[in-house]
Amino acid sequence: MTPIFKDSYGNEVCAGDTIIIEAHYKFKHITGKKYTVIWDERKGMYKYQITEMIKRKPCTSESDFFGVVRFKKVE
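It should be emphasised that the depicted structure is a prediction, and the values quoted were computed from it without experimental measurement. (Residues numbered from 1 in each chain as written. Predicted model: local features only at pLDDT ≥ 70, side-chain atom pairs only at ≥ 80, totals over all residues. Heavy atoms only, no water.)

(A) Up close: the layout of surface pockets. Roughly 150 Å³ of internal volume is contained in the largest pocket. For the largest pocket, the full set of lining residues is Phe27, His29, Ile30, Lys33, Tyr35, Tyr48, Ile50, Glu52, Ser61, Glu62 and Ser63. Among the secondary structure elements, those contributing two or more residues to the lining of the largest pocket are strand S5 (45–54) and strand S6 (57–64). (1 Å grid on protein atoms, 1.4 Å probe; cavity = no way out; pocket = protein on both sides within 12 Å on 5 of 7 lines; lining within 4 Å. Points joined across faces, edges and corners; volume = space filled by probe spheres on them. Helix = DSSP H or I, 4+ residues; strand = E, 2+ residues; numbered from the N terminus.)

(B) Quick peek at the sheet that holds strand S3 (residues 18–24). Strand order in the open sheet formed by five strands is S6-S5-S4-S3-S7, and the pairing between neighbours is antiparallel. Where the open sheet ends on each side, the last strands, each with one partner, are S6 and strand S7 (68–74). Averaged over all adjacent pairs, the angle separating strand axes in this sheet is 45°, with direction ignored. Pairing between S5 and S6: eight bridges, direction antiparallel. Bridging from a neighbouring strand, lysine 47 pairs with aspartate 64 of S6. (Pairing = 2+ DSSP bridges. Axes fitted to C-alpha atoms, helices over the stretch in contact; angles between N-to-C directions.)

(C) Here's a closer look at the side chain of aspartate 7. Structurally, aspartate 7 can be placed in the loop between strand S1 (5–6) and strand S2 (12–13). Buried charge without a salt bridge: aspartate 7, with lysine 73 as the nearest opposite-charge side chain at an N-O distance of 7.5 Å. Within the structure, aspartate 7 has its side chain in polar contact with the backbone nitrogen of tyrosine 9 (distance 2.8 Å). Here the side chain of aspartate 7 touches glycine 10 through a polar contact of 3.0 Å, landing on its backbone nitrogen. Residue contacts for aspartate 7: discarding those within four places in its chain leaves Val13, Phe71, Lys72 and Lys73. (Buried < 20%, exposed > 50% of the residue type's maximum accessible area, 1.4 Å probe, protein only. Lys, Arg positive; Asp, Glu negative; His and termini not counted. Salt bridge = Lys/Arg side-chain N within 4 Å of Asp/Glu carboxyl O. Polar contact = N/O pair within 3.5 Å; in protein donor to acceptor, adjacent residues only side chain to side chain. Contact = heavy atoms within 4.5 Å.)

Okay, structure coming up:
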C-alpha cells in the first residue's frame, strides 16, 4: 500500500497501520492507546479508530487527526 503521510519520527504510515497517539492538544485520555489508521471515503480524509470493550460490549470510535500533536507508528 502507498504511504499516505509520516508519523512524528519520519516513519511512513498507510491506511491499516497501527499507531499510538503520544500527545494531543485537548484530549489527554486518548494518549498511549493503539489506534488503526482508516480512510473515510465519505469525508475524504484519514482518521484513527479504536475498538474497546465497554460493559462487555465492543465499542468502536473514530476521529480525525485534528489536535494530535505527536504520534508514532507501531511496527
